[in-house]
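# Coordinate analysis (summary)
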Protein chains: 2
Amino acid sequence: MDSVAKTFASLSIKPIAHISHSDASSPATWRDALDANASAPAKPYELIKTLVYKPKTAKKTTPVPVVVIARDDTETNAGSLGKILDLKEMRLASEDLLTEFFALDKNSLSPLALNQNTFPRVLTVIDSSIASSSSLFAVHALSSSSTVFLSGKDVVDYLRHLETDSVKIQELDFTTLAVAPAASAKPVAKDKDDGKIDGAVQIAVGIKKEVDFSGWYTNVLLKADMLDYYSVSGCYILKPWSYSIWEEITQWFNAQIKELGVQNAYFPMFVSQSVLEREKDHIEGFSPEVAWVTRAGNSDLEEPIAIRPTSETAMYPYYAKWIRSHRDLPLKLNQWNSVVRWEFKNPQPFLRTREFLWQEGHTAFLTKAEADTEVRQILDLYRRVFEELLAVPVIPGIKSEKEKFAGGLYTTTVEGFIPTSGRGIQGATSHCLGQNFSRPEMFNIFVEDPNDPMGGKTYVWQNSWGLSTRTIGVMVMVHGDNQGLVLPPRVASIQVVVVPCGITAKTTDESRAEINNACEQLAQTLKKSGIRAKADLRDVYTPGYKFNDWEQKGVPLRLEIGPNDIAKQQTVTVRRDTGVKNPIGIANIGFIINALLDTIQSDMFDKAKAAYDSCLKEVTQWDDVVPVLDNKCVVVMPWCEVEECEDDIKERSGRASEPQDERAPSAGAKSLCIPFDQSRWSPIIAGKTKCPACGRDAKRWTLFGRSY
Amino acid sequence: MDSVAKTFASLSIKPIAHISHSDASSPATWRDALDANASAPAKPYELIKTLVYKPKTAKKTTPVPVVVIARDDTETNAGSLGKILDLKEMRLASEDLLTEFFALDKNSLSPLALNQNTFPRVLTVIDSSIASSSSLFAVHALSSSSTVFLSGKDVVDYLRHLETDSVKIQELDFTTLAVAPAASAKPVAKDKDDGKIDGAVQIAVGIKKEVDFSGWYTNVLLKADMLDYYSVSGCYILKPWSYSIWEEITQWFNAQIKELGVQNAYFPMFVSQSVLEREKDHIEGFSPEVAWVTRAGNSDLEEPIAIRPTSETAMYPYYAKWIRSHRDLPLKLNQWNSVVRWEFKNPQPFLRTREFLWQEGHTAFLTKAEADTEVRQILDLYRRVFEELLAVPVIPGIKSEKEKFAGGLYTTTVEGFIPTSGRGIQGATSHCLGQNFSRPEMFNIFVEDPNDPMGGKTYVWQNSWGLSTRTIGVMVMVHGDNQGLVLPPRVASIQVVVVPCGITAKTTDESRAEINNACEQLAQTLKKSGIRAKADLRDVYTPGYKFNDWEQKGVPLRLEIGPNDIAKQQTVTVRRDTGVKNPIGIANIGFIINALLDTIQSDMFDKAKAAYDSCLKEVTQWDDVVPVLDNKCVVVMPWCEVEECEDDIKERSGRASEPQDERAPSAGAKSLCIPFDQSRWSPIIAGKTKCPACGRDAKRWTLFGRSY
């Protein structure tokens with residue numbers, strides 16, 4: 001930044017602030033990093049994005065990249081842009097090209113990357129409204145972990161001083177581009193069998209899943225209208241498109257646990273300090289993240305009060321009170337609530353948020369056998385939420401001692417996997433707490449033992465189990481593609497969208513009405529068959545725009561009806577998951593579509609399962625561990641189950657080439673779970689099969705991987 | 001307390017603490033008052049209750065009251081007690097008798113009320129475990145607003161020093177009484193047509209509704225297992241028996257608003273200080289009650305963060321972002337969440353709690369007409385929640401300017417009424433916010449007006465509306481009786497309980513099995529007809545105990561099956577609301593019971609409606625206002641709608657004899673609502689009908705009353 005600083009001085013540009021912050025690998029994390037930084041100026045300020053496109057040029061010509069500078073939330077439609085600039089097939093430049101031209105990665109890119117050397121070699125396009133804006137703009141200072149704050153005029157002044165007689169910046173009114181983003185674009189629906197990725201669609205999501213996964217992820221969530229960022233860092237707004245998925249899960253899970261005799265209740269969100277800190281191991285696990293209320297109105301509270309990070313210690317004093325006799329057992333309560341864990345790591349929507357929605361079940365039994373049984377019953381429900389509702393394969397198993405729930409006896413888990421990042425992800429956990437919370441020095445929850453002729457005291461056996469909105473994040477990561485979200489039919493709030501097609505300027509009003517009516521009637525017919533269907537009759541948008549819109553949002557099935565379809569008494573089905581198009585007759589349409597949705601659901605699961613399975617690598621010698629991890633796979637190895645060995649594995653696998661990534665903190669591998677189903681792998685021979693990490697006797701096949 | 005203090009000194013009794021606190025009118029409020037008092041010793045401590053019974057004696061004999069001293073949560077079954085003491089028909093003593101004997105009301109009573117004068121005239125019974133307990137005990141110091149903390153030994157020492165050769169205290173092991181509380185009591189089911197209140201039942205609830213309403217209320221909630229007190233003052237645990245009612249309301253309301261196009265979402269519970277304080281009037285209304293998070297883990301936050309007291313200011317910055325065009329309107333979102341209002345007034349379960357569950361809808365429209373329409377649509381749904389689900393009559397109307405929502409344009413409400421206290425209670429409110437939150441200096445939510453040929457800006461019209469768990473408290477207060485809760489069938493999680501009867505020691509195992517099977521089968525048959533039925537086959541309890549248990553919990557209908565009923569292919573129905581008993585054949589039982597539940601539902605509503613109507617008193621001269629209020633009724637008068645007049649009415653009616661009651665703070669009358677249906681009262685003649693309070697021209701008939 002030294003040369004930039006000199007230029008600033010020569011131009012009398014005085015940045016409002018220049019700050020360092022945690023590394024920003026996407027606009028979202030950049031915003032979060034600034035929000036979290038005390039040295040950042042007071043809001044509001046706007047982020048400046050800098051995109052580099054490479055238009056199509058003859059093979060041997062030196063490419064002239066197009067550098068687009070705009071507000072982060074301004075739509076920069078490459079198609080429209082190309083039209084105005086008269087450039088063909090503008091595509092986002094590769095990382096290689098960025099390095100070649102600017103010696104910077106895309107996250108560090110900013111207008112300041114342009115200098116006497118680079119400016120003449122590119123075409124610089126800037127949103128014309130920036131120069132005159134009274135906003136403050138955040139601009140990367142040649143690094144993704146450094147930001148300067150400039151006025152709009154400063155930004156433009158900086159660029160103007162680079163102008164030569166032959167190379168000028170080009171100011172463009174981007175709002176005119178955004179008015180009808182796809183109006184002139186061709187319909188994006190296409191036969192995907194040819195495997196090509198359509199340019200317009202690429203722009204819709206903006207970032208490729210396989211290129212910048214975390215950027216892709218946040219973009220998909222925003223474009224699919226699932227979520228918005230919120231003014232309190234680490235908290236997010238769940239919009240109806242994602243909340244409805246949570247409602248589907250809630251409804252299904254509620255019905256299942258009711259069958260098991262679990263009742264819903266509600267405990268307060270506040271926990272007094274003394275109660276929260278009752279269990280030592282437990283509170284050690286949570287205390288760094290507890291949010292404390294210390295003031296109400298203008299009065300300081302006598303004692304700070306915690307917001308629950310989980311409710312064990314809040315609930316169990318009452319369990320002690322309510323459980324007076326073995327006849328009060330089992331006690332099975334569940335609550336749907338939100339909990340707060342004030343993480344200081346970089347937040348990630350759905351996966352790591354400071355407040356999140358979940359259910360927490362808390363049960364108490366007379367015997368360990370009953371508790372054990374329930375732990376597994378609940379875990380199987382969690383498996384079904386993932387596999388049957390979300391079409392996401394998981395592996396049920398038990399956590400190592402190191403990874404179990406703080407204060408519990410043992411933890412069972414369903415472990416998912418994100419193929420794109422090669423990382424494991426904990427899906428949901430069902431804990432047996434044993435008698436750790438019921439023993440006399442803790443919450444003292446006991447009954448007279450009905451099986452003891454002397455009527456001695458017996459302490460109850462407890463479980464707790466939770467499933468959170470993390471489920472939604474996992475689903476997005478597993479199924480989403482470069483066109484956006486892909487929703488499994490069972491949780492899609494709209495399963496089928498019906499889009500009228502073939503309406504042109506020449507179409508008569510009657511014909512238009514006929515097509516729209518046919519669409520509406522088809523949607524109604526489907527609804528009667530229990531399908532969540534919607535006809536998209538918005539008259540200001542082209543079919544192409546609508547196709548794109550619903551594809552971004554992941555609607556599992558699109559039905560198209562045009563004049564020809566009406567004549568033939570048919571509709572054309574287009575699957576979101578495969579892109580496959582098929583005309584079908586409208587007789588028995590409800591039955592056919594229901595069957596097709598079932599097929600989509602199971603195809604999505606099968607595809608994800610195949611991807612997971614192909615990444616489970618049986619390893620029996622240490623040398624294979626790091627290559628398997630680096631190859632974005634999960635290590636399955638016969639393990640000794642010794643805690644020091646697990647620490648050692650993490651340490652040794654962390655030495656690998658991959659740099660520490662703050663958003664996925666365990667570059668070293670940790671144990672994900674010990675699968676219940678050991679029969680997938682060759683039998684472990686006691687005393688003979690050795691742990692490849694330490695050479696001790698192996699006990700069970702265990703998954704190790706990098707993880708979220 | 002001077003003489004008591006002297007006695008303490010002479011006996012070397014040193015109280016751990018002696019504190020003053022807010023007046024405790026029930027064990028629950030006593031506990032709250034102690035919890036809230038900084039001078040109280042650290043928990044745990046136990047409350048001592050002192051009950052006075054009057055056994056049946058010959059008319060002219062001087063009664064010898066029985067003073068029972070026990071832990072507050074120890075069951076003191078008067079029936080069993082009477083048996084052991086060989087006393088008949090023990091009943092709780094009247095207030096008159098307490099005053100006569102002790103010169104104290106029941107809330108001030110404690111072992112310290114016994115002295116050289118009173119002790120010889122009563123029979124004193126104390127739980128034998130108190131003397132040896134290591135617990136600390138809270139004992140009223142001759143006043144319901146004063147408490148001393150003593151050891152168990154201190155309490156017994158104090159009493160022992162009063163003993164004479166002929167009068168001793170009697171120590172009893174109360175746990176033996178509690179083992180089978182109703183085992184020897186007769187079934188409490190009876191024909192209520194004779195209007196008598198059964199002794200055993202009276203004890204079940206403990207406090208009469210018409211004698212000590214707030215004590216009755218908390219007792220009903222505890223005995224019906226709806227709620228428990230919580231270690232954070234002002235917060236309560238919603239147990240499944242009440243939470244299931246909330247689930248019923250949730251489900252119904254969700255289906256209704258979905259029809260109106262409202263979608264559910266979730267916004268974070270945290271609000272930044274700057275956002276919260278954006279609307280001046282609005283924040284003035286809420287700021288004294290806002291809870292602030294200032295610390296996370298061990299780090300102080302840079303800026304305190306509020307927990308939402310309501311979400312207008314949290315949501316509307318995003319409405320401004322999301323609403324870009326008139327095509328984005330209407331925007332209709334709702335969320336089910338909890339909000340926090342840290343009230344410093346005495347809390348009351350469901351009615352005034354620091355955290356409560358609710359839904360909050362937030363909608364935005366292009367025009368005022370659309371907003372107005374929705375305000376009323378939602379209000380009618382609220383009316384239906386009360387009237388159709390909870391069988392609680394309400395009066396829909398508009399709030400006065402003084403009583404409207406802080407920052408809104410106008411507020412509509414459904415106003416309920418609690419006949420026992422003669423107080424009005426706001427049921428739920430639907431606000432039109434007008435353009436107060438959308439205007440440019442606030443959240444600046446606008447679109448281009450599609451109806452304006454010049455395309456000018458128009459600011460959106462907004463509504464917000466909320467319904468909370470307060471609904472449940474109102475329902476309990478309106479329907480409950482001296483046997484406990486009475487649930488309307490539509491919200492009862494168990495609508496019908498089937499109880500096996502006529503099983504004695506002589507009953508053969510086969511016969512017992514036959515009766516139990518018949519009960520279970522009947523319950524299954526009812527379930528198939530969509531009725532929430534349960535057979536109570538617990539074998540350790542007598543039918544009488546079960547009758548009492550389910551009556552306390554308010555189950556709308558009991559079915560009894562004994563050997564005779566099996567022979568006659570019948571069952572006996574017993575209605576909770578009326579006590580009416582009827583044998584019915586079991587043919588078409590599902591149909592019959594469904595019809596009977598409908599009848600119970602509408603009878604409960606009709607009864608409550610008649611009670612409300614009979615307390616609406618048309619008043620046209622000022623002199624009638626206070627007598628009507630003192631007679632526990634609501635004033636309906638033609639009102640000028642001038643704010644100063646409302647202040648004046650409150651002031652003048654507050655001067656009445658009734659003392660200020662902290663738990664129902666408005667002893668002065670305030671306007672409850674201006675009913676939409678004005679046709680119930682004689683027409684107001686413009687310029688002629690005068691406001692009885694100030695003599696100005698009256699505008700509309702308005703309800704005034706004391707209120708919650």
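Residues numbered from 1 in each chain as written. Chains lettered and ligands numbered in written order. Predicted model: local features only at pLDDT ≥ 70, side-chain atom pairs only at ≥ 80, totals over all residues. Heavy atoms only, no water.

On to the overall build of chain A, then. A tally of helices and strands in chain A yields 21 helices and 31 strands. What you see for chain A is a C-alpha radius of gyration of 29 Å, in line with the 27 Å of a compact globule of 708 residues. Scored against the burial criterion, the 708 residues of chain A give a buried share of 57%. Pairs at least 24 residues apart make up 70% of the contacts formed inside chain A by residues separated by at least 6 positions. (Helix = DSSP H or I, 4+ residues; strand = E, 2+ residues; numbered from the N terminus. Rg over C-alpha atoms; globule rule 2.2 N^0.38 Å. Buried < 20%, exposed > 50% of the residue type's maximum accessible area, 1.4 Å probe, protein only. Contact = heavy atoms within 4.5 Å.)

A few words now on the interface of chain B and chain A. Buried accessible area, meaning the area lost when the parts come together, often serves as the stated size of an interface. In this complex, chain B contributes 59 residues to the contact, which on the side of chain A involves 59 residues. For the chain B face of the interface with chain A, the top three residues by lost area are Tyr 230, Tyr 266 and Phe 270 of chain B, together amounting to 13%. The tally of links between chain B and chain A comes to two salt bridges. At the junction of chain B and chain A, the tally comes to 23 residue pairs in polar contact (both at pLDDT 80 or more). A breakdown of the residues in the side of chain B that touches chain A according to their chemical character gives 38 nonpolar, 10 polar and 11 charged. (Buried area = accessible area lost by both parts, 1.4 Å probe. Salt bridge = Lys/Arg side-chain N within 4 Å of Asp/Glu carboxyl O. Polar contact = N/O pair within 3.5 Å; in protein donor to acceptor, adjacent residues only side chain to side chain. Nonpolar A, V, L, I, M, F, W, Y, C, P; charged D, E, K, R; others polar.)

Below, the discussion takes up the sheet that holds strand β13 (residues 291-296) of chain B. In spatial order, the strands read β12(A)-β14(A)-β13(A)-β13(B)-β14(B)-β12(B); together these six strands make up an open sheet with antiparallel pairing. Two strands in the sheet have a free side with no partner beyond their single neighbour: β12 (270-272) of chain A together with β12 (270-272) of chain B. Neighbouring strand axes in the sheet, compared pairwise and without regard to direction, differ in orientation by 45 degrees on average. The sheet contact formed by β12 of chain A and strand β14 (residues 299-307) of chain A spans three bridges and is antiparallel. Within β14 of chain A, the residue paired with Phe 270 of chain A across the bridge is Ile 307 of chain A. (Pairing = 2+ DSSP bridges. Axes fitted to C-alpha atoms, helices over the stretch in contact; angles between N-to-C directions.)

So, about the packing of aromatic side chains. Residues and elements named next belong to chain A. This model, assessed by the stated rule, comprises 50 aromatic pairs over all chains. Measuring from ring centre to ring centre gives 6.1 Å for Phe 253 and Trp 336, while their planes differ by 85 degrees; the resulting arrangement is edge-to-face. Of the two residues, Phe 253 sits in helix α10 (residues 240-259) while Trp 336 sits in strand β15 (residues 331-340), which places them 83 residues apart along the sequence. Trp 336 gets classed as buried once you look at its relative accessible area, which sits at 14%. (Phe/Tyr/Trp six-rings, centres within 6.5 Å; stacked < 30°, edge-to-face > 60°.)

The subject of this paragraph is the UniProt feature "domain: Aminoacyl-transfer RNA synthetases class-II family profile" (unreviewed entry) in chain A. UniProt records the feature "domain: Aminoacyl-transfer RNA synthetases class-II family profile" (unreviewed entry) for residues 243-488 of chain A in the present numbering. Taken end to end, residues 243-488 of chain A comprises 29% helix and 33% strand; its first and last C-alpha atoms sit 15 Å apart. (UniProt positions renumbered as here; feature names shortened; annotations may be inferred.)

Looking now at helix α21 (residues 643-654) of chain A. Residues and elements named next belong to chain A. With 12 residues, α21 should cover 16 Å at 1.5 Å per step; its first-to-last C-alpha distance of 17 Å lies within 8% of that length. Regarding α21, the residues found buried are Cys 645, Glu 646, Ile 649 and Ser 653. Relative to the axis of α21, the buried residues are bounded by an arc of 100 degrees and lie together on one face. (Expected span 1.5 Å × (residues − 1). Arc of directions from axis to C-beta.)

All names here are of chain A. Here strand β25 (residues 557-561) lies mainly inside the structure; five of its five residues are buried. Both faces of β25 are covered, namely the face carrying Leu 557, Leu 559 and Ile 561 and the face carrying Arg 558 and Glu 560. Of the pairings in the sheet, the one linking strand β23 (residues 496-500) to β25 comprises five bridges and is parallel in character. Paired with Val 496 across the bridge in β25 is Leu 557. One ladder, built from four bridges, connects β25 with strand β26 (residues 570-575); its direction is antiparallel. Bridge pairing in β26 places Leu 557 opposite Arg 575.

This part takes up the sheet that holds strand β25 (residues 557-561) of chain B. Residues and elements named next belong to chain B. Spatially, β24-β23-β25-β26-β27 is the arrangement adopted by the five strands of the open sheet, whose pairing is mixed. Only two strands of the sheet have a single neighbouring strand rather than two, namely β24 (533-535) and β27 (581-585). Direction aside, the axes of adjacent strands within the sheet are offset by 25 degrees on average. Contacts from helix α19 (residues 589-614) reach β23 (496-500), β25, β26 (570-575) and β27 within the one sheet, and its direction differs from that of β26 by about 10 degrees.

We now examine helix α10 (residues 240-259) of chain B. Here α10 of chain B is 20 residues long and its end C-alpha atoms lie 28 Å apart, about the 28 Å a rise of 1.5 Å per residue gives. Following α10 of chain B by one or two positions, Gly 261 of chain B adopts a phi angle in the positive range, close to 85 degrees.

Okay, the relation of the copies chain B and chain A next. The relation between the two chain copies is a rotation about an axis coupled with a shift along that axis. Turning chain B through 179 degrees and shifting it by 0.1 Å along the axis lays it on chain A, with an RMSD of 0.5 Å. Look at the turn and shift together and you get a two-fold axis relating the two. Among all residues of chain B, the minimum C-alpha distance to the rotation axis is found for Val 293 of chain B, at 2.2 Å. (Least-squares fit on C-alpha atoms with pLDDT ≥ 70 in both.)

Residue and element names in this part refer to chain A. On the surface, Asp 23, Glu 95, Asp 96, Glu 100 and Asp 105 cluster together into a negatively charged patch. Assignment of secondary structure puts Glu 95 in helix α4 (residues 95-102). Residue class for Glu 95 comes out partly exposed when judged on its relative accessible area of 34%. (Patch = residues over 30% accessible without salt bridge, like charges linked within 9 Å, V, L, I, M, F, W, Y side chains within 5 Å. Areas by Shrake-Rupley, 256 points an atom, 1.4 Å probe, with all protein chains shown as cover. Lys, Arg positive; Asp, Glu negative; His and termini not counted. Charge placed at Lys NZ, Arg CZ, Asp CG, Glu CD.)

It is worth spelling out the pattern of salt bridges at this point. Residues and elements named next belong to chain A. Evaluated as defined, the whole model comprises 68 salt bridges over all chains. Across the salt bridge formed by Arg 31 and Asp 72, the nearest N and O atoms sit 3.4 Å from each other. Taken as a pair, Arg 31 in helix α2 (residues 27-35) and Asp 72 in the loop between β3 (66-71) and α3 (78-85) lie far apart in primary sequence, 41 residues in all. We classify Arg 31 as partly exposed; its relative accessible area is 28%. Residues Asp 549 and Arg 538 are paired through a salt bridge, measuring 2.9 Å at the closest nitrogen-oxygen approach. With Asp 549 in helix α17 (residues 543-552) and Arg 538 in the loop between β24 (533-535) and α17, this pair connects stretches of sequence that are 11 residues apart. Bridged by salt links that share partners, the residues Asp 536, Arg 538, Lys 546 and Asp 549 form one connected network.

Here the focus is the packing of α10 of chain B against helix α14 (residues 368-389) of chain B. Residue and element names in this part refer to chain B. Close contact between α10 and α14 brings their axes to 11 Å; oriented N to C, the two are set at 145 degrees. Every pair of crossing elements has a handedness; the one defined by α10 and α14 is right-handed. Every residue of α14 that contacts α10 at Glu 248, Ile 249, Trp 252, Phe 253, Gln 256 and Ile 257 is listed here: Ile 378, Leu 381, Tyr 382, Arg 384, Val 385, Glu 388 and Leu 389. Partitioning the contact of α10 with α14 into residue classes produces nine nonpolar, one polar and three charged. (Left-handed = near helix turned anticlockwise from the far one by under 90°.)

Bringing the environment of Met 269 of chain B into the picture now. When you line up the elements, Met 269 of chain B lands in the loop between β11 (263-264) and β12. Remark: the alpha-carbon pair of Met 269 of chain B and Ile 305 of chain B, spanning 36 residues in sequence, is separated by 9.9 Å. Not counting the four nearest positions on each side in its chain, Met 269 of chain B is found in contact with Met 269, Ile 307, Ser 338, Val 340 and Glu 355 of chain A together with Ala 306, Ile 307 and Arg 308 of chain B.

Residue and element names in this part refer to chain A. Two strands pair when backbone bridges link them, and strand β2 (residues 46-54) and strand β6 (residues 136-140) are joined in this way by two bridges, in the parallel orientation. Following the sheet pairing, Glu 46 is matched in β6 by Phe 137. Relative to β3, β2 runs antiparallel, the two sharing six bridges. If you follow Lys 49 over to β3, its bridge partner there is Ala 70. When β2 meets strand β4 (residues 91-92), the two strands line up antiparallel, connected through two bridges. Of the residues in β4, the one forming a bridge with Lys 54 is Arg 91.

Now for the environment of Thr 413 of chain B. Residues and elements named next belong to chain B. Relative to the elements of secondary structure, Thr 413 occurs in strand β18 (residues 410-418). On the accessibility criterion, Thr 413 (0% relative accessible area) is buried. Other than its neighbours up to four places away in sequence, Thr 413 contacts Leu 379, Ile 395, Pro 396, Gly 397, Lys 399, Gln 426, Ala 428, Thr 429, Leu 672 and Cys 673. Among the polar contacts made by the side chain of Thr 413, one reaches the side chain of Glu 415 at a distance of 2.9 Å.

Turning next to the packing of helix α9 (residues 213-223) of chain A against helix α15 (residues 470-479) of chain A. All names here are of chain A. It is the contact of α9 with α15, at a shortest axis distance of 11 Å, that shows an interaxial angle of 115 degrees. Taken together, the axis directions place α9 and α15 in an arrangement best described as roughly perpendicular. Note on packing geometry: the crossing formed by α9 with α15 is right-handed. Contact residues: Phe 213, Trp 216, Tyr 217, Val 220 and Leu 221 in α9; Gly 473, Val 476 and Met 477 in α15. Of the residues assigned to the contact of α9 with α15, the class counts are seven nonpolar, one polar and no charged. (Parallel < 35°, antiparallel > 145°, perpendicular 65-115°, else oblique.)

A word on unusual backbone geometry. A negative phi angle is the norm for most residues apart from glycine, just as the trans form is the norm for most peptide bonds. Residue Leu 329 of chain A is joined to Pro 330 of chain A through a cis peptide bond whose omega torsion reads -10 degrees. Inspection of the secondary structure puts Pro 330 of chain A in the loop between α13 (312-322) and β15. With a phi angle near 60 degrees, Ser 12 of chain B is a residue other than glycine that sits in the positive phi range. Mapped onto the fold, Ser 12 of chain B is located in the loop between α1 (2-10) and β1 (17-20). Its relative accessible area of 58% is what places Ser 12 of chain B among the exposed residues.

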